[in-house]
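Observations on chain architecture
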Amino acid sequence: MSSHGHVRKGTPLLILGAIGVVFGDIGTSPLYAFRAAIMLAAGGESIHETHVLGTLSVLIWALLLLVGIKYVSLVLRADNGGEGGIFALLSLLRKNENQGIEQHGRIVLWLALLGGALLYGDGIITPAISVLSAMEGLEPLHQGKQAHWVVLASAAIVVGVFLTQRWGSGRIGWLAGPIMVGWFVVLAVLGIRSIMAHPEVLSAFSPAWAIALIGESPLLAFFMLGGVVLCVTGGEALYADMGHFGRRAIAVGWWGLVCPSLLLAYLGQGAMVLGAPSTVSNPFFSLVPDGWLIPMVVLATVATIVASQAIISGVFSMTRQLVQQGLLPPMRIVHTSDVEGQVYLPGINFLMA
């Protein structure tokens, strides 16, 4: 009871921690998701209204349905003693003997292990890729060759990310929380500023634009989904990290700040492209007023560094579940706070690093 009461009293801090850790990956997707999706939708043709509003419509409903409804409203309810993730689901299936799940247990187990292996892969590559791509924004590429300092600085930052894990995801989250809150507020402000210049972009909330885009070119619309999926990357972290922060903190953070800010950011980019199609090459930074580009690049770099935390803490949580179920050998698990689920695994942290 005391532990439960502590979590309830600490809910505002848990929300701040969740915003810093859980939403890092999905929160930085406006840097590239809209540009990738609309380029695929256009298929090399000149950008017109259906491309812009149709792409926005798909992005908007992907966020609302896949993340808001599927993960936040439904999947987060399928917890196993407060823990989330694919192996929490596996435990629930194992307990459900009355529905005949056990006879298919071997297949279910291998599917769960496959999903877990994919999450480990993400944990290994995401910090390196995200940090390097963010740092490249500080030093434009010339002649297809990266500056040496970009690679060295990125490597140093990635090492730093893994070194800070020993402090615990909760503490790191509360440190990163204010940074990500600032990031989401900036996204919202930039989006609103652009939407006010072209309010017609708000019509993208109508699914009719998505239907029109699909009807215009079904093949290109299918390829566009490869870009649209970028806007929901990190959605699985909401479920995997549920044990770290709790369902309530994640839900409040999503509906109260993250979702509105992401929608405004995507709508703002769409409004910018509607008014100036040439900005499609980099719609996100086209939103930034003159004189604020460098500070925005720095903020984006910091936010992308924070985004690496989501996948790392998710891997810790999943590994702990594997050990508890006897699917991995015993290993050192450090509880970094009195909040159930906030753990640090030195061995796994070292292997990922």
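None of these values were measured; they are calculated from a predicted model. (Residues numbered from 1 in each chain as written. Predicted model: local features only at pLDDT ≥ 70, side-chain atom pairs only at ≥ 80, totals over all residues. Heavy atoms only, no water.)

1. A look at the overall build of the protein
Which entries qualify depends on this criterion: Secondary structure elements are taken from DSSP: a helix is a run of H or I of four residues or more, a strand is a run of E of two residues or more, and numbering for both begins at the N terminus. Exposure classes here rest on a 1.4 Å probe applied to the protein chains alone. A residue is buried below 20% of its type maximum, exposed above 50%, and partly exposed in between. The contact criterion used is simple: two residues touch if any of their non-hydrogen atoms lie within 4.5 Å. In this description, accessible areas are obtained by the Shrake-Rupley approach with a 1.4 Å probe, and a residue is regarded as covered only by the protein chains that are shown.
Helix and strand counts for the protein come out as 17 helices and two strands. A burial count over the protein gives 48% of its 353 residues as buried. When contacts within the protein are restricted to residue pairs at least 6 apart in sequence, those whose partners lie at least 24 apart make up 79%. A total accessible area of about 16300 Å² is found for the protein, and carbon and sulfur atoms account for 69% of it.

2. Considerations on the environment of Gly121
Inspection of the secondary structure puts Gly121 in helix H7 (residues 105–136). Looking at Gly121, the relative accessible area reads 27%, which means it is partly exposed.

3. Some remarks on the nonpolar core
Spelled out, the test is: In this description, a nonpolar core means a group of buried Ala, Val, Leu, Ile, Met, Phe, Trp, Tyr and Cys residues linked to one another through side-chain atoms lying within 4.5 Å.
Counting residues in hydrophobic clusters, the biggest one holds 72 residues, and the most contacted among them are Phe23, Leu63, Trp183, Phe184 and Trp254. For this core, the element with the most residues is helix H14 (residues 247–275), which contributes 15 residues. With residues up to four places along the chain from it excluded, the contact list for Phe23 reads Ala18, Met180, Phe184, Leu238, Ile250, Gly253, Trp254 and Val258.

4. Overview of the environment of Val181
Mapped onto the elements of the fold, Val181 is located in helix H9 (residues 169–197). A residue is classified by how much of its surface remains accessible, and Val181, at 25% relative accessible area, is partly exposed. Along the chain, Val181 and Ile19 lie 162 residues apart, while their C-alpha atoms are 7.0 Å from each other. If sequence neighbours within four positions are ignored, Val181 has contacts with Leu16, Ile19 and Leu257.

5. A closer look at a nonpolar patch on the surface
The criterion, for reference: Grouping into patches uses exposed residues only, defined as over 30% relative accessible area, and leaves out salt-bridged ones; the cut-off is 9 Å for like charges and 5 Å for nonpolar side chains (Val, Leu, Ile, Met, Phe, Trp, Tyr). Salt bridges are counted wherever a side-chain nitrogen of Lys or Arg sits within 4 Å of a carboxyl oxygen of Asp or Glu.
There is a patch of nonpolar side chains on the surface, built from Trp61, Leu65, Leu66, Ile69, Leu74 and Trp255 and spanning about 560 Å² of accessible area. No other element matches helix H5 (residues 49–74), which puts five residues into the nonpolar patch. Relative to the elements of secondary structure, Leu74 occurs in helix H5. What makes Leu74 exposed here is its relative accessible area of 55%.

6. Some remarks on the confidence of the model for the protein
Under the convention used in this document: Each residue gets a pLDDT score, which is the predictor's confidence in that residue and runs from 0 to 100.
Scored by pLDDT, the protein has a mean of 82; 85% of the residues are at 70 or more. Within the protein, the element-level pLDDT minimum falls on helix H1 (residues 2–9), averaging 42, and the maximum on H14, averaging 95. Between residues 1–10, whose pLDDT stays under 50, and residues either more than four places distant or in other chains, the model counts six contacts. Within the model, pLDDT remains below 50 along residues 140–144, and this stretch shows one contact once partners closer than five positions in the same chain are excluded.

7. Focus: the packing of aromatic side chains
Let me state the cut-off plainly: Pairs were defined over the aromatic rings of Phe, Tyr and Trp, the Trp ring being its six-membered one, requiring ring centres within 6.5 Å. Orientation was assigned from the angle between planes: stacked under 30 degrees, edge-to-face over 60, tilted for the rest.
Per the stated rule, a full pass over the model turns up six aromatic pairs. Seen from their ring centres, Phe316 and Tyr344 are 5.9 Å apart, and the 80° between their planes marks the pair as edge-to-face. Here Phe316, found in helix H16 (residues 293–324), pairs with Tyr344, found in strand S2 (residues 343–344); they are 28 residues apart in sequence, far enough to count as distant.

8. Topic: the packing of helix H4 (residues 33–42) against H5
To keep it simple, the criterion reads: A fitted line through C-alpha atoms serves as each axis, taken over the contacting stretch for helices, and the angle formed by two N-to-C directions is quoted from 0 to 180°. Convention used here: angles under 35 degrees read as roughly parallel, angles over 145 as roughly antiparallel, angles from 65 to 115 as roughly perpendicular, and any remaining angle as oblique. Helix crossings get a hand from a simple test, with the near helix turned counterclockwise from the far one by less than a right angle marking a left-handed crossing and a clockwise turn marking a right-handed one.
Two numbers describe how H4 lies on H5: the axes approach to 10 Å, and their chain directions differ by 125°. One element, H4, and the other, H5, form an angle in the oblique class. Helix-helix and strand crossings are classified by hand; for H4 and H5 the assignment is right-handed. On the side of H4, the interface is formed by Phe34, Ala37, Ile38, Ala41 and Ala42, while H5 contributes His51, Val52, Thr55, Leu56 and Leu59.

9. Observations concerning the packing of H5 against H14
Between H5 and H14, the least distance of the axes is 10 Å, while the angle of their chain directions is 170°. Between H5 and H14, the interaxial angle falls into the category roughly antiparallel. Where H5 approaches H14, its residues Glu49, Val52, Leu53, Leu56, Leu59, Ile60, Leu63, Leu64, Val67, Gly68, Val72 and Ser73 are matched on the opposing element by Ala251, Trp254, Trp255, Cys259, Leu262, Leu263, Tyr266, Leu267, Gly270, Val273 and Leu274.

10. Quick word on the environment of Gly177
Relative to the helices and strands, Gly177 resides in helix H9. We classify Gly177 as buried; its relative accessible area is 0%. For the pair Gly177 and Gly20, spaced 157 residues apart in sequence, the C-alpha to C-alpha distance is 3.7 Å. Excluding anything up to four places from it in sequence, Gly177 contacts Leu16, Ile19 and Gly20.

11. Here we look at helix H2 (residues 11–21)
In terms of burial, H2 is largely enclosed, as eight of its 11 residues are buried. Every buried residue belonging to H2 is among Thr11, Leu14, Ile15, Gly17, Ala18, Ile19, Gly20 and Val21, and all of these are buried.

12. Concerning the side chain of Thr304
Locating Thr304 in the fold gives a position in helix H16. Thr304 gets classed as buried once you look at its relative accessible area, which sits at 5%.

13. Structural notes on H4
Formally: When we speak of the arc, we mean the arc of directions from the helix axis to the C-beta atoms.
Here H4 has its buried residues at Ala33, Phe34, Ala37, Ile38, Ala41 and Ala42. All buried residues of H4 fall inside an arc of 145° around its axis, so they share one side. The elements touched by buried residues of H4 are H5, helix H10 (207–216), helix H11 (218–228), H14 and helix H15 (283–286). Directly beyond the C-terminal end of H4, a positive phi value near 60° is found at Gly43.

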